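Spelled out, the chains give:
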Amino acid sequence: MTGPGAPEYRLENLARFANEDPPEEPALYRLHSEVFGWSVDRRRFLYTSAAGLGGLLAACSSGDDPTDPGDPGFDLLTFCSDEVGAHQGIAALAFSRDGAFLASGGTGRGDNHFKLWAFPSGRLVTSLNYSGSGFAIPIAFDPLGRFVATQLPGRITLVNLSDGSIRSEWDYVRQNSAGSFALALSGDGSVLAYADGTRVTMLDTSTGGELSSFNVSAGFLQSLDLSPDGSLLAVAPYGSNPGQPVVRAYSVPDGQPAGVFEDPANDYTLIRRITFTPDSSVLVTSSETEPITFWDVATRQVIRRVDSNQAGRGFYTHALDANGDVYMIGAEGLQIHSVPDGTSRGGIPGLLGGRLVTIAPSPDGRHLAFGLGSSLRLYDLATGRFENCYFDEPATARGGRLSYYSTIDSQGREVWYTLPCGSPIPAGAQCTCNCVSGQAPTAGGSSSCSINFVCTCIPVVYGG
Amino acid sequence: MSPADTDVRSGAPELTAEIFVIPGPGGRQLVFAPRQRAAFLCNDSAVSSLADLAAKRQARDRSTVDAEFVGFLRSLRLVDGPPDALPEPDVTGDPRPTSVTLFMTTACNLRCTYCYASAGDTPGEFMPLSTALQGIDFIVDNARALGEKQITVAYHGGGEATANWDVMTDSWEYAAAAADRYGLTLRALTATNAAIPEAKAAWIAEHLDGASVSFDGLPHLHDLQRPSASGRGSSASIERTLELFDRVGFDYQLRLTVTEALLPFLAVAVQYLCDNFSAKRIQLEPVYPEGRGSDLPAIDPDRFVELFLEAESIGRAYGRTVYFSAARFGMVTRHFCGVTRDSFALTPTGDVSACYEAFSDGSDLAGDFFYGRLSGGKGVQLDPVALSRLRARTVDKRPYCEGCFAKWSCAGDCHVKHMAHEGSEHEPPRCRITRAITRHQILERISEHGGLFWHEPAPEQS
């Protein structure tokens, strides 16, 4: 007796499977981890091979496709799930003004926390690591295209875009050992503002000299921005209670208080991101619990709000492009609005995020970089189609099983794609399949096939 | 491929593993063999073949495929493998603990709205130093007799352990000296609300090896749920303590009690904690209606699971472990906690308790979990009947859990929570949560191992 209402999952007690004679043959299904749940492959027949691993290796090393040759193709989106890692977790994304680089800030322990990628190839130009616990690492590009700035715990680093070398490094005394971080550059790149915990500091980027430093006692700071005209610094403590300012402004570079942005309708606002528009006239704040809010910088008053259409939830994050259009990720996907008049400029309804989502539109408005979990994806903004996902092998979790290959696109650019282990490898591609351990030259001699994670690939092989 | 290629042994294949079948995604079946640490996703027909094997029925006229399938099952050691054994031997003999939990006091400086102990509502009981020292003497003697190298002293509630500060610090000094004298390592831990003066926090960071800190994540919600005795918020004080812990690299974990108010903000709260503090482990527990929280609304278990998984993924992105105490996929055990294996905790009055929630002789749970008391001189006077009753609470002896696929990892969950549902025809909410999270963890493990199957034999089996 198992008692009333007791769970029953034992094979021998599941009558529905006893004496059945279903028309199907026994079959396994492949499981894919997606951002929003699970997907199951189309049914494939199972067979165990006497050749087993050897057969797979032989097929790989000979350049043959070790999988079902009749596979009608693949959906790259399906394959760019969390297992394709660019970081352990992605906290920040930004494009350089000329669109030649994409920078990402990570969160994970032991991961390279700052990465600079060539765009669109996805080639990793350089990375910086912090060996301590996970932190959300911010990044900011010099608007004049000379460098990108990042803030690892206790250190501000400027990286030259010309060659990926370190341009400057300045250590600072951290306010606490964990702390929240935020970083911004002025319109001419001459002033850098950063936050650590509740402390804000402004630096001269040519000398590293401290211009001002002060505490914002209202709480931990997770977002700040410098107005492109170089006049104002805006900071938002995470979590402002009713009656408290949502945003506090300070003059640049002396850090003197320059007013507050208050919202009588504000309940408890969890501001994740604040940004000035390119003309410095409007400040945009996004919150997980409130509508996205547009503020008139001159009057410090609310101009307009955009609701996420889901009660109690706002937008996870937002980003602005060079034209001043704002990109917002909420419960209904990506929405794009014109800041001046609030008109909708479309979006990608299916592009849903979670709370650890970050986005960056490319300067030409054609692409969107989308970071969620460990995956860094690129989307075509005109069509909403998935384009690619960036990949860094050390950031791919244990059990990560994928192939990646590079090819030359129609404009002569090298583009790297990622595929799961066992996927058909396009002809002519340079492949690396890390399904099982070992490395073997391909027949042509120009490709290699390094293979990892034996346990995931033997002794079962798919076949038609 | 021909049938001859398959590795089919002579004789009828025998299903040797305990198998559970769980509804999987996409209308498929998730086959799970917890004690062989294997799982895969398959169709109904495959489960039907498994049922044939279990019933020792003749394979039907699909011999080739079935033989291939049997070969696959054999590679996972589900067929013709070693028989499933109980995870651990029975606990027998007199308890010889080398760890002691000291319930320092029932007094508390906070008045948490959900406190299971209703700490602070009654006149405080404080453990005298002599009781703490006798408990320490007992575990030191055991460690020496058993040849163990380490003793563990844990400072716990029902109230706030640091409220009995002198006894806490003096007993630690005593334990450290005893360990030093006999060449033992002292491991000292505490559970604290962390709303404590900086000097106490600094002492803990310097002298103890770890702490579990109750902090409900977002300061404004924390202040509503965990006010001080005077009604003021406690978050600022706790954040100061955590910052101190982080500065010196002290190892601590955070525990959030998830109420209806906190539930919608669960993922936000975990991200806030990850952004601002260095705790490597974050425990999320749904509020349970007991003590001062008896009248609080229970949270929806399905909603909890949804938001737990979101919070867990955020924690993982930061390299942190976010967990729920009963979802321990990967473990294969008969014991949820120390209750069934002679956990040794001392109340202020010298009673021996097996459960952290039975912390004083005034507790309603004392009759269920007390199994002895300190003797007048040295050592412990045991109640063998009570001890036997506690040891018999392992999951393999619980009828309710027999058919549950999560039983070897959750091991029957918290005994206090389980007792509250005994005899009920309704599914306990914690069981529903445990099964949903465990199912997700199985699927994750399959996905991490290539998407087809998971098989990680325990080291002693491989």
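Reading the values: the criteria
- Residues numbered from 1 in each chain as written.
- Chains lettered and ligands numbered in written order.
- Predicted model: local features only at pLDDT ≥ 70, side-chain atom pairs only at ≥ 80, totals over all residues.
- Heavy atoms only, no water.
- Helix = DSSP H or I, 4+ residues; strand = E, 2+ residues; numbered from the N terminus.
- Buried < 20%, exposed > 50% of the residue type's maximum accessible area, 1.4 Å probe, protein only.
- Contact = heavy atoms within 4.5 Å.
- Salt bridge = Lys/Arg side-chain N within 4 Å of Asp/Glu carboxyl O.
- Pairing = 2+ DSSP bridges.
- Axes fitted to C-alpha atoms, helices over the stretch in contact; angles between N-to-C directions.
- Right-handed = clockwise from strand over helix to strand, strands pointing away.
- Polar contact = N/O pair within 3.5 Å; in protein donor to acceptor, adjacent residues only side chain to side chain.
- Core = buried A, V, L, I, M, F, W, Y, C linked by side-chain atoms within 4.5 Å.
- Phe/Tyr/Trp six-rings, centres within 6.5 Å; stacked < 30°, edge-to-face > 60°.
- Lys NZ or Arg CZ within 6 Å of the ring centre and 35° of its normal.
- pLDDT = per-residue confidence, 0-100.
- Parallel < 35°, antiparallel > 145°, perpendicular 65-115°, else oblique.
- Left-handed = near helix turned anticlockwise from the far one by under 90°.
- Nonpolar A, V, L, I, M, F, W, Y, C, P; charged D, E, K, R; others polar.

### Here we look at the overall build of chain B
Part 1: Looking only at helices and strands, one finds 14 helices and 15 strands in chain B.
Part 2: When burial is assessed residue by residue, chain B has 62% of its 462 residues classed as buried.
Part 3: Taking as baseline every contact in chain B between residues at least 6 positions apart, the subset at least 24 positions apart corresponds to 71%.

### Focus: the pattern of salt bridges
Residues and elements named next belong to chain B.
Part 1: Under the defined criterion, the tally for this structure stands at 29 salt bridges over all chains.
Part 2: When the shortest N-O distance is used, the salt bridge between R74 and D80 registers 2.8 Å.
Part 3: Looking at D80, the relative accessible area reads 28%, which means it is partly exposed.
Part 4: Three or more residues are tied together by salt bridges with common partners; here these are D90, R334, D396 and K397.

### Focus: unusual backbone geometry
Part 1: For the bond from F119 of chain A to P120 of chain A, the omega torsion is 10°, close enough to zero to count as cis.
Part 2: Positioned with a positive phi, D80 of chain B is a non-glycine residue whose angle comes to about 55°.
Part 3: Looking at the element boundaries, D80 of chain B is found in the loop between α2 (63-75) and β4 (99-103).
Part 4: Backbone geometry places D413 of chain B, a non-glycine residue, at a positive phi of 65°.
Part 5: Topologically, D413 of chain B is positioned in the loop between α12 (407-410) and α13 (415-421).
Part 6: Its relative accessible area of 5% is what places D413 of chain B among the buried residues.

### Digging into the sheet that holds strand β15 (residues 453-455) of chain B
Within a beta sheet, neighbouring strands are joined by backbone hydrogen bonds and run either parallel or antiparallel to one another.
Residue and element names in this part refer to chain B.
Part 1: Ordered by their spatial adjacency, 4 strands build an open sheet running β1-β2-β3-β15, and the pairing between neighbours is antiparallel. Of all strands in the sheet, those with a lone pairing partner are β1 (20-23) and β15, marking the two edges. If you compare each strand with its neighbour and ignore which way they point, the axes differ by 20° on average.
Part 2: Bridge analysis of strand β2 (residues 29-33) against strand β3 (residues 38-42) gives 5 bridges, and the strand direction is antiparallel. If you follow A33 over to β3, its bridge partner there is A38.

### Structural notes on the pairing of strand β6 (residues 185-192) of chain B
Residue and element names in this part refer to chain B.
Part 1: Burial along β6 is one-sided: L186, A188, T190 and T192 are buried, and none of T185, R187, L189 and A191, which face the opposite way, are.
Part 2: The pairing of strand β5 (residues 150-156) with β6 spans 6 bridges and is classified as parallel. Its bridge partner being in β6, T152 is matched across the sheet by R187.
Part 3: Handedness of the crossover joining β5 and β6 through helix α4 (residues 165-181): right-handed.

### Considerations on the sheet that holds strand β10 (residues 321-323) of chain B
Residues and elements named next belong to chain B.
Part 1: As summarised here, the arrangement of the 11 strands in space is β10-β9-β8-β7-β6-β5-β4-β11-β12-β13-β14, forming an open sheet in which the pairing is mixed. Only two strands of the sheet have a single neighbouring strand rather than two, namely β10 and β14 (380-382).
Part 2: Across 3 bridges, the pairing between strand β9 (residues 281-286) and β10 is parallel. Directly across from R281, in β10, lies its bridge partner T321.
Part 3: Along the sheet, α4 makes contact with β4, β5 and β6, crossing β6 at roughly 160°.

### Considerations on the pairing of strand β18 (residues 247-251) of chain A
All names here are of chain A.
Part 1: Of all 5 residues making up β18, 5 are buried, and the element is well covered by its neighbours.
Part 2: Here β18 shows two buried faces, one formed by V247, A249 and S251 and the other by R248 and Y250.
Part 3: With 3 bridges joining them, β18 and strand β19 (residues 257-261) adopt antiparallel strand pairing. Its bridge partner being in β19, Y250 is matched across the sheet by P257.
Part 4: Hairpin geometry of β18 and β19 is characterised by an intervening segment of 5 residues between the two adjacent antiparallel strands and by a positive phi of about 75° at G255.

### Looking at the side chain of S251 of chain A
All names here are of chain A.
Part 1: Topologically, S251 is positioned in strand β18.
Part 2: A residue is classified by how much of its surface remains accessible, and S251, at 19% relative accessible area, is buried.
Part 3: In terms of polar contacts, S251 uses its side chain to reach the side chain of D254, at 2.3 Å.
Part 4: Sequence-distant contacts of S251, defined by excluding residues within four places in its chain, comprise M202, S231, Q256 and A258.

### Topic: the nonpolar core
It is characteristic of soluble globular proteins that their nonpolar side chains tend to be buried jointly.
Part 1: In terms of nonpolar packing, the biggest core is built from 113 residues, with V213, F245, Y252, L284 and F304 of chain B touching the most fellow members.
Part 2: The biggest single contributor to this core is helix α8 (residues 266-276) of chain B, with 8 residues.
Part 3: Dropping the residues within four chain positions of it, L284 of chain B is found in contact with L256, V258, L266, V270, F304, F308, A311, V322, Y323 and F324 of chain B.
Part 4: In this structure, A92, A94, L116 and F181 of chain A belong to the second largest nonpolar core, which totals 28 residues.

### A look at the packing of aromatic side chains
Part 1: Throughout the structure, instances matching the rule amount to 26 aromatic pairs over all chains.
Part 2: For the pair F245 of chain B and F250 of chain B, a centre-to-centre distance of 4.7 Å together with 55° between the ring planes defines the contact as tilted. With respect to class, F245 of chain B is no different from F250 of chain B; both count as buried.
Part 3: Between Y272 of chain B and F277 of chain B the ring centres are 6.4 Å apart and the planes differ by 70°, which places this aromatic pair in the edge-to-face class. Each of the two residues, Y272 of chain B as well as F277 of chain B, counts as buried.
Part 4: A connected cluster of aromatic rings, assembled from ring pairs, spans F220 of chain A together with F215, Y272 and F277 of chain B.
Part 5: The ring of F294 of chain A has R304 of chain A lying over it, and the distance from NZ or CZ to the ring centre is 4.9 Å.

### Description of the confidence of the model for chain A
Residue and element names in this part refer to chain A.
Part 1: Per-residue confidence for chain A gives a mean pLDDT of 74; residues scoring 70 or more make up 67%.
Part 2: Throughout residues 43-79 the model reports pLDDT below 50, and contacts reaching past four residues in sequence, or to other chains, amount to 81 contacts.
Part 3: Here residues 427-464 scores under 50 on pLDDT; set against residues more than four positions off or in separate chains, the count is 111 contacts.

### What to know about the packing of helix α9 (residues 301-317) of chain B against helix α14 (residues 429-448) of chain B
How two helices pack is summed up by the angle between their axes together with the distance between the axes.
All names here are of chain B.
Part 1: Closest axis-to-axis distance for the α9/α14 pair is 9 Å, and the angle between their directions is 40°. One finds that α9 runs oblique with respect to α14. Here α9 and α14 pass one another in a crossing that is right-handed. Contacts from P301, D302, F304, V305, F308, L309, E312 and R316 of α9 reach α14 at P429, R432, I433, A436, I437, H440, E444 and E448.
Part 2: Here the contact of α9 with α14 is composed, by residue class, of 9 nonpolar, 1 polar and 6 charged.

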